[in-house]
Amino acid sequence: MRNPALAGIFSGNFRLTGAYRNQWQSVTVPYRTMAVSGECKMLRGFSNGDFITAGLQATNDVAGDSKLQRTQVFPVINYHKLLNEDKTTFISLAFMGGPVSEHFDITKLRFDDQYVNGAYRMANATRQQFSNTGFTYWDTSAGISEKSGTHVVCSIRGSEYKHWNDGVDVEIK
């Protein structure tokens, strides 16, 4: 997750980005990350150079033998306020938030009580009990940034506040 107030800080009207990482190849199941995002500047000039950016960021991480997976879908809205007449300085205020889903596959895990005389036997039932192997929660953030300069030379400063609702979750069964 990045500072949502950076949405729309680019030359042009649209931006699409994507990423794929397959890292830690030396472990049994490598950690994979897939991401895609899009941004669109809208309502340009409705108030003397001000504009709004809307966007969407989606990521999916998968890790380990249990296929621990996290999927996030975050819409973002960002208001850019023009601060000078030569249109080189803006202050931006943005909000981003959406659902995060996490789960794992219990059938892919092995537990100590499934080993007999040092050998794993899938037929041995484990005494480990899991009432839930996944959950969904909402995550939110807000950010502010200030951009000064042209597309050739510019300065961007900003701050954000992430995970407002830490600890609030919605359980899925």
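Here the residue numbering is sequential within each chain, running from 1 through the sequence in written order. It should be noted that, the model being predicted, local features are given only for residues of pLDDT at least 70 and side-chain atom pairs only at 80 or more, the latter also being counted only at that level, while totals for whole chains, interfaces and linings use all residues. Excluding hydrogens and water, the side-chain values take into account all heavy atoms of the structure.

The next subject is the environment of N132. Of note, N132 is situated in the loop between strand 7 (119–120) and strand 8 (134–149). Among the polar contacts listed, one links the side chain of N132 to the backbone oxygen of G134, at a separation of 2.9 Å. Note on conventions: DSSP H or I runs of at least 4 residues are helices, E runs of at least 2 residues are strands, and numbering of each starts at the N terminus. Polar contacts, as counted here, are pairs of nitrogen or oxygen atoms within 3.5 Å of one another; within protein the pair requires one atom able to donate a hydrogen and one able to accept it, and residues that are adjacent in sequence qualify only if both atoms are side-chain atoms.

A word on the nonpolar core. Generally speaking, a soluble globular protein has its nonpolar side chains buried in company with each other. In this structure, A7, F74, V76, M96, V100 and Y137 together form the largest nonpolar core, which totals 6 residues. Listing elements by their share of this core, those giving two or more residues are strand 4 (68–82) and strand 5 (89–103). Residues contacting V100, with those up to four places away along its chain left out, are R70, T71, Q72, F74, F135, T136, Y137 and D139. Buried residues of nine kinds, namely Ala, Val, Leu, Ile, Met, Phe, Trp, Tyr and Cys, make up a nonpolar core once their side-chain atoms join them within 4.5 Å. For the exposure calls, accessible area comes from a 1.4 Å probe over protein chains only, and a residue counts as buried if that area is under 20% of its type's maximum, exposed if over 50%, partly exposed in between. Residues are treated as being in contact if the distance between any of their heavy atoms lies within 4.5 Å.

Turning next to a nonpolar patch on the surface. A cluster of nonpolar side chains, namely I77, L83, I91, L93, F95 and I144, defines an oily patch on the protein surface of about 500 Å² accessible area. In terms of residues, the nonpolar patch owes the most to one element, strand 5, which gives 3 residues. Inspection of the secondary structure assignment puts I77 in strand 4. Given the relative accessible area of 41%, I77 is considered partly exposed. Like-charged residues are merged into a patch within 9 Å and nonpolar side chains (Val, Leu, Ile, Met, Phe, Trp, Tyr) within 5 Å, provided each residue has over 30% relative accessible area and no salt bridge. Residue exposure ignores everything except the shown protein chains as possible cover, and the areas themselves are Shrake-Rupley values with a 1.4 Å probe. One side-chain nitrogen of Lys or Arg within 4 Å of one carboxyl oxygen of Asp or Glu is enough to make a salt bridge.

The subject of this paragraph is the confidence of the model for the protein. pLDDT measures the predictor's confidence residue by residue and takes values from 0 up to 100. For the protein, mean pLDDT is 84; residues scoring 70 or higher make up 87% of the total. Within the model, the stretch residues 168–173 combines pLDDT values under 50 with 14 contacts to residues more than four positions away or in other chains.

This next bit is on unusual backbone geometry. Leaving glycine aside, a negative phi is the common case for residues, and trans is the common case for peptide bonds. Notably, K67 is not glycine yet its phi reads approximately 55 degrees, a positive angle. Along the polypeptide, K67 turns up in the loop between strand 3 (51–63) and strand 4. For K67, a relative accessible area of 37% puts it in the partly exposed group.

Next up on the list: the packing of aromatic side chains. Each Phe, Tyr or Trp ring (for Trp, its six-membered ring) is paired with any other whose centre lies within 6.5 Å, and the angle between the two planes then decides the class: stacked below 30 degrees, edge-to-face above 60, tilted in between. Evaluation of the coordinates by the stated rule reveals 5 aromatic pairs. Relative to F90, the ring of F51 has its centre 5.5 Å away and its plane inclined at 75 degrees; by these criteria the two rings are edge-to-face. One end of the pair, F51, is in strand 3; the other, F90, is in strand 5, with 39 residues separating them in the sequence. Comparing F51 with F90, the two get one shared label, buried. Between F135 and Y137 the ring centres are 5.8 Å apart and the planes differ by 25 degrees, which places this aromatic pair in the stacked class. Each member of the aromatic cluster is reached from another via a ring pair, and the members are F104, F111 and F130. A cation over a ring is seen here: K41 above F10, with NZ or CZ 4.6 Å from the ring centre. Consider the ring centre and the ring normal. A charge sits over the ring if Lys NZ or Arg CZ is within 6 Å of that centre and within 35 degrees of that normal. Of note, R110 hangs over the ring of Y120, and the distance from its end group to the ring centre comes to 4.1 Å.

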